[in-house]
Amino acid sequence: MAKDPLAEAGFYFDELNKLRVLEPDVSQKTSELKEECKEFVDKIGQFQKKVGGLIELVDELAKEAETEKMKAIGARNLLKSVAKQREAQQQQLQALIAEKKMQLERYRIEYDALSKIESEQNEFIDQFILQK
């Protein structure tokens with residue numbers, strides 16, 4: 001079979017009878033590659049959207065975790081503060097109890113002394129009345 005003189009010169013006719021510089025096989029493979037590239041770019045775009053959504057979700061979760069962490073730290077600090085306040089209050093109350101015990105002991109001694117004086121005065125009065 002003789003070669004087409006146009007093909008030897010690098011010119012070809014496609015299925016629409018248009019004159020082309022590329023061979024029909026090369027032209028077809030180029031079109032297929034172009035379509036595959038378009039599909040690839042579309043898939044990459046979808047992938048980027050999904051990854052972007054995932055990153056946003058992870059960022060939100062990180063913010064929520066940080067917020068909860070700060071709440072937990074605040075609660076722990078508040079608990080420590082309350083414990084220290086209770087300890088200080090307990091110490092104050094113990095000091096007050098000790099002070100009141102000392103005051104009670106002083107009152108008891110004073111009462112005993114006044115009771116002794118009263119009994120002595122009553123004795124004196126009784127002796128004075130009996131002498132008259």
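- Named according to an unreviewed UniProt entry, the protein chain is Intraflagellar transport protein 20 homolog originating from Xyrichtys novacula.
- You can read under Subcellular location (unreviewed entry) in the UniProt record for the protein chain the words "Cell projection, Cilium".

**Notes on the overall build of the protein chain**
Okay, step 1: Secondary structure assignment for the protein chain yields 2 helices and 2 strands.
Okay, step 2: Each helix (α) and strand (β) of the protein chain, taken in turn from the N terminus, gives the series α-β-β-α.
Okay, step 3: Within the protein chain, buried positions represent 2% of all 132 residues.

**What about a negative patch on the surface?**
Okay, step 1: Taken together, the side chains of Glu-32, Glu-35, Glu-36 and Glu-39 present a region of like negative charge at the surface.
Okay, step 2: Within the secondary structure, Glu-39 sits in helix 2 (residues 24-131).

**Re the packing of aromatic side chains**
Okay, step 1: One pass over the structure, following the stated rule, counts 1 aromatic pair.
Okay, step 2: Arranged with centres 6.4 Å apart and planes meeting at 20 degrees, the rings of Phe-124 and Phe-128 form a pair that is stacked. Of the two residues, Phe-124 and Phe-128 are both situated in helix 2; the distance of 4 residues between them amounts to about one turn of the helix.
Okay, step 3: On the accessibility criterion, Phe-124 (55% relative accessible area) is exposed.
Okay, step 4: Using a relative accessible area of 43% as the deciding quantity, one classes Phe-128 as partly exposed.

**Some details on the UniProt feature "coiled-coil region" (unreviewed entry) in the protein chain**
Okay, step 1: Under the feature "coiled-coil region" (unreviewed entry), the UniProt entry names residues 79-117.
Okay, step 2: Helix makes up 100% of residues 79-117 and strand 0%, with an end-to-end C-alpha separation of 56 Å.

**Description of the pattern of salt bridges**
Okay, step 1: Tallying each qualifying case throughout the model produces 3 salt bridges.
Okay, step 2: With a closest N to O distance of 3.6 Å, Glu-68 and Lys-71 form a salt bridge. On the criterion of helical spacing, the pair formed by Glu-68 and Lys-71 is a turn pair, its members being 3 residues apart in helix 2.
Okay, step 3: Looking at Lys-71, the relative accessible area reads 54%, which means it is exposed.
Okay, step 4: In this structure, the salt-bridge partner of Glu-105 is Arg-108, at a minimum N-O distance of 3.3 Å.

Criteria and thresholds
Residues numbered from 1 in each chain as written. Predicted model: local features only at pLDDT ≥ 70, side-chain atom pairs only at ≥ 80, totals over all residues. Heavy atoms only, no water. UniProt positions renumbered as here; feature names shortened; annotations may be inferred. Helix = DSSP H or I, 4+ residues; strand = E, 2+ residues; numbered from the N terminus. Buried < 20%, exposed > 50% of the residue type's maximum accessible area, 1.4 Å probe, protein only. Patch = residues over 30% accessible without salt bridge, like charges linked within 9 Å, V, L, I, M, F, W, Y side chains within 5 Å. Areas by Shrake-Rupley, 256 points an atom, 1.4 Å probe, with all protein chains shown as cover. Salt bridge = Lys/Arg side-chain N within 4 Å of Asp/Glu carboxyl O. Lys, Arg positive; Asp, Glu negative; His and termini not counted. Charge placed at Lys NZ, Arg CZ, Asp CG, Glu CD. Phe/Tyr/Trp six-rings, centres within 6.5 Å; stacked < 30°, edge-to-face > 60°.

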